[in-house]
Amino acid sequence: QVAHAILYPDNQTYTSWAKLQIAESCDFATDSDFWYHMAFGLTTQVEHHLFPGIGHHCYDNIRLLTREVCAKHGVHHYDVSAKKAFGALWTRWVKGFPAPLA
């Protein structure tokens, strides 16, 4: 899963489980039906980590709420294009270190 291999936050800097889940997750290509199906509905990794028991068909609606709550509390919510996500993954594999997403 591309979104699992591109972020490596320092887990000592987060004061809550939810903030750590958001920091170590990355939504990608959330507006693409193609990538939604290619990733088996897991283009919304932030929501998948926060709400693992909810079906992936609900995550698209939940991500709008998640973004609002993140903005309200000053928590960065990554949502990048497929090109940026796969570019970061390639950099991780080839160069051995994470590429910045922001």
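See the structure printed just above.
Residues numbered from 1 in each chain as written. Predicted model: local features only at pLDDT ≥ 70, side-chain atom pairs only at ≥ 80, totals over all residues. Heavy atoms only, no water.

## Quick notes on the packing of aromatic side chains
The description of an aromatic ring pair rests on the distance of the ring centres and on the angle between the ring planes.
Point 1. The final tally for this structure, using the stated rule, is three aromatic pairs.
Point 2. Considering the side-chain rings of Phe34 and Trp35, the 5.0 Å spacing of their centres and the 80 degrees angle between planes classify their relative orientation as edge-to-face.
Point 3. With a relative accessible area of 25%, Trp35 lands in the partly exposed category.
Point 4. For the pair Trp35 and Phe86, a centre-to-centre distance of 5.0 Å together with 40 degrees between the ring planes defines the contact as tilted. Of this pair, Trp35 sits in helix H2 (residues 33-38) while Phe86 sits in helix H5 (residues 82-95); the two residues are 51 residues apart in sequence, bridging distant segments of the chain. (Phe/Tyr/Trp six-rings, centres within 6.5 Å; stacked < 30°, edge-to-face > 60°. Buried < 20%, exposed > 50% of the residue type's maximum accessible area, 1.4 Å probe, protein only. Helix = DSSP H or I, 4+ residues; strand = E, 2+ residues; numbered from the N terminus.)

## Let's talk about the pattern of salt bridges
For side chains of opposite charge, pairing can occur when their charged atoms come near one another.
Point 1. Applying the stated criterion across every chain, the model contains four salt bridges.
Point 2. The residue Arg63 makes a salt bridge to Asp31 at a minimum N-O spacing of 3.1 Å. One end of the pair, Arg63, is in helix H4 (residues 59-73); the other, Asp31, is in the loop between strand E1 (27-28) and H2, and 32 residues separate them in sequence.
Point 3. For Asp31, a relative accessible area of 70% corresponds to the exposed category.
Point 4. When the shortest N-O distance is used, the salt bridge between Asp79 and Arg67 registers 1.7 Å. Of this pair, Asp79 sits in strand E2 (residues 79-80) while Arg67 sits in helix H4, placing them twelve residues apart in sequence.
Point 5. For Asp79, a relative accessible area of 28% puts it in the partly exposed group.
Point 6. In the salt-bridge network here, residues are joined through shared partners; they are Asp31, Asp60, Arg63, Arg67 and Asp79. (Salt bridge = Lys/Arg side-chain N within 4 Å of Asp/Glu carboxyl O.)

Such coordinate-based values are descriptive only and should not be taken to indicate function.
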